[in-house]
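The lines below spell out each chain.
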Amino acid sequence: MITAPGGAAPGGSQPTPPALRAVDKDTTAGVLFGIGAYGLWGLLPLYFFVLAPAGNVEIVANRVVWSLLFCTLLITITRSWRVLGAAFRNRAVIGPLSIAAGLIAVNWLTYTYGVTTGQAVETSLGYFINPLVSVLLGVVVLKEKLRPLQWAAVAIGFIAVGVLTVSYGKLPWIALTLALSFGLYGFVKKRVGPRADAITSLSVETIVLAPLAAATMIFLAVSGAATLGTNGPVHFWLLAASGIITAVPLLFFGASARRLPMTTIGLLQYFAPVLQFVVALAVFKEAMTTERWIGFGVVWLALLVLTVDMLRTARKNSLTRKRARAAA
């Protein structure tokens, strides 16, 4: 665009300041990364479906080992070995990311177990509950004060868990484990923030998990329980692809978390459970009883209340910032 003398745009309109253009560009990138991450996670059950007869432990071990190889390639291409070394020397980075590695391992194992044992509907429930867990983490860990609608959403969420417990005949532990582990994972990653970029963060996590994952793969191979080298080349390469399939959405998530406020991330994360729920019903043909529909309906009501609160608060904060800029 050609600007008039003094930096004004044609017709007297003011050009967008470079700082604001950078913010808008960063936000757009963050949203696209977030959609990419949650969209891929939402379709992940389809990938696990074609990995049969591999079990959940073998799948997770392969995910870690092949992800490490993929990260090694990325670090080499981007010439980031020095950055990675600095991350390992920085206690403020290596400590939280080691915790994040443990949390994502628990999440992967639970999620893979749920999908491979015909409980994909319950895994989707875990990610529907996740935003409510994030709100609770704000209260318990950060000592935040909840707004009235947030309290209402949390209360409705507890009611939903009660209804689903009656429906399942047991506590929906798969859903609760997924929600808690991923909620804590996102919290830890957010705390690390700009001290580690997405590639460095993922590389540290996979390096921390790699020794245990490699030992698991060796044990499975020696005991004759591994399927990696015994089910043909197609199965081998599908399992090997787990490195890329695991790393790419995590890289997207890390890139998104660094660019977006928690409110926006909270809205984007609905993508994954919606897709998982659709896949579970339409592809895997899992049963949904009337009681479960009621339980899910109560969860969705809680999410609606939480979404209204997030949007209302975001709008209020935006207006406050605009007034502050106008007064400056």
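Below is a summary of the structure that appears in this document. None of these values were measured; they are calculated from a predicted model.

What about the side chain of Glu286?
- Structurally, Glu286 can be placed in the loop between helix H12 (271–282) and helix H13 (290–327).
- Although Glu286 is buried, it forms no salt bridge, and the closest oppositely charged side chain is Arg292 at an N-O distance of 6.3 Å.
- There is a polar contact of 3.5 Å between the side chain of Glu286 and the backbone nitrogen of Gln119.
- A distance of 2.7 Å separates a polar atom in the side chain of Glu286 from the backbone nitrogen of Ala120.
- Leaving out residues up to four positions away in the same chain, Glu286 has contacts with Gly118, Gln119, Ala120, Val121, Ala280 and Leu281.

Here's the deal with unusual backbone geometry
- Here the residue pair Ala52 and Pro53 is connected by a cis peptide bond, since its omega of 15° sits within 30 degrees of zero.
- Counting through the fold element by element, Pro53 comes out in the loop between helix H1 (18–50) and helix H2 (56–77).
- Residue Arg79 is not a glycine yet carries a positive backbone phi of 55°.
- Along the chain, the position of Arg79 falls in the loop between H2 and helix H3 (81–89).
- Take Arg79: its relative accessible area is 77%, and that puts it in the exposed class.
- The backbone of Lys285 sits at a positive phi, close to 55°, despite the residue not being glycine.
- When you line up the elements, Lys285 lands in the loop between H12 and H13.

Thresholds applied
- Residues numbered from 1 in each chain as written.
- Predicted model: local features only at pLDDT ≥ 70, side-chain atom pairs only at ≥ 80, totals over all residues.
- Heavy atoms only, no water.
- Helix = DSSP H or I, 4+ residues; strand = E, 2+ residues; numbered from the N terminus.
- Buried < 20%, exposed > 50% of the residue type's maximum accessible area, 1.4 Å probe, protein only.
- Lys, Arg positive; Asp, Glu negative; His and termini not counted.
- Salt bridge = Lys/Arg side-chain N within 4 Å of Asp/Glu carboxyl O.
- Polar contact = N/O pair within 3.5 Å; in protein donor to acceptor, adjacent residues only side chain to side chain.
- Contact = heavy atoms within 4.5 Å.

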